[in-house]
Amino acid sequence: MGFTFRRVVTGHSVDGKAVVRSDEIVGSTPRLPGYEARVVWCTGQLPASNDEDRFDDGAPGPKGSRVLFRVAEFDPAEAEHTNMHRTETQDVALVLSGRLDMVLDSGEVVERLTAGDFLIQRGTMHSWVARGDEPVRVLFVLIDALPVHVGGVTLGEDLSALGGRVSPMPQGGGDPE
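None of these values were measured; they are calculated from a predicted model.

> Explain the nonpolar core to me, please; I cannot follow it from the model alone.
Within soluble globular proteins, side chains that are nonpolar tend to cluster in buried spots. Residues Phe-74, Leu-100, Trp-128, Val-136, Val-138 and Phe-140 are the most contacted members of the largest nonpolar core, which totals 25 residues. Listing elements by their share of this core, those giving two or more residues are β4 (35-42), β5 (67-74), β6 (89-97), β7 (99-104), β10 (126-131) and β11 (136-144).

> Just checking my understanding: could you explain the sheet that holds β7 for this structure?
Within the open sheet, the 3 strands sit side by side as β8-β7-β10. Their pairing is antiparallel. Each having just a single partner strand, β8 (109-114) and β10 make up the two edges of the open sheet. Averaged over all pairs of adjacent strands, the angle between strand axes in this sheet comes to 25°, irrespective of strand direction. Where β7 meets β8, 4 bridges bridge the pair, whose relative direction is antiparallel. Bridge assignment links Leu-100 to a residue of β8, and that residue is Leu-113.

> Looking at this structure, how should I read empty space enclosed by the protein?
Empty space among the atoms becomes visible once a probe the size of a water molecule is rolled across them. Scanning the entire structure with this criterion turns up 1 cavity of 30 Å³ or more. If you trace the largest cavity, you find 25 residues lining it, with Tyr-35, Phe-74, Asn-83, His-85 and Trp-128 closest to the centre. If you list the elements that add at least two residues to the lining of the largest cavity, you get β3 (29-32), β5, β10 and β11. A per-element tally of the lining of the largest cavity places β10 first, with 4 residues. In terms of residue class, the lining of the largest cavity is built from 13 nonpolar, 7 polar and 5 charged.

Cut-offs applied
- Residues numbered from 1 in each chain as written.
- Predicted model: local features only at pLDDT ≥ 70, side-chain atom pairs only at ≥ 80, totals over all residues.
- Heavy atoms only, no water.
- Core = buried A, V, L, I, M, F, W, Y, C linked by side-chain atoms within 4.5 Å.
- Buried < 20%, exposed > 50% of the residue type's maximum accessible area, 1.4 Å probe, protein only.
- Helix = DSSP H or I, 4+ residues; strand = E, 2+ residues; numbered from the N terminus.
- Pairing = 2+ DSSP bridges.
- Axes fitted to C-alpha atoms, helices over the stretch in contact; angles between N-to-C directions.
- 1 Å grid on protein atoms, 1.4 Å probe; cavity = no way out; pocket = protein on both sides within 12 Å on 5 of 7 lines; lining within 4 Å.
- Points joined across faces, edges and corners; volume = space filled by probe spheres on them.
- Nonpolar A, V, L, I, M, F, W, Y, C, P; charged D, E, K, R; others polar.

Fair warning: the whole summary comes from geometry, so function is off the table for now.
Okay, here's the thing in structure tokens:
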């Protein structure tokens, strides 16, 4: 497994002209068995700043100010790996290639998400399962959100199944991976 993509970031010169600030090939990082990913960009504040003196190379800001773009790839050979988790985010997932299922803690399954399909995940306990013969590539957009409240109970973040190996949303000021 492993993949690369080109990331181009624009900005402004001292006289206000549009310029390219960086243009690089970025590689994925192994995060869990059968799962590699790389942050494309993460905001440092909301609203996001495009001022040059605030160019932060996509470093995440504090909780409540983050919108994160991540490209991920799942290996179907690890399809039975359980990664059931809940984050305090609203996530937009766009399947770029392959076939992906999402399993909810209720037992409900969203089956056969394929290229071009979007799924909006709103603070639910969920797990991703790659299906088919080819790796599944997904663009995730994670947006900080408040904890879910249902029937007077707060359903906060639950990353216990990930065993502390990864956190879907990086902490402020740290490495976005």
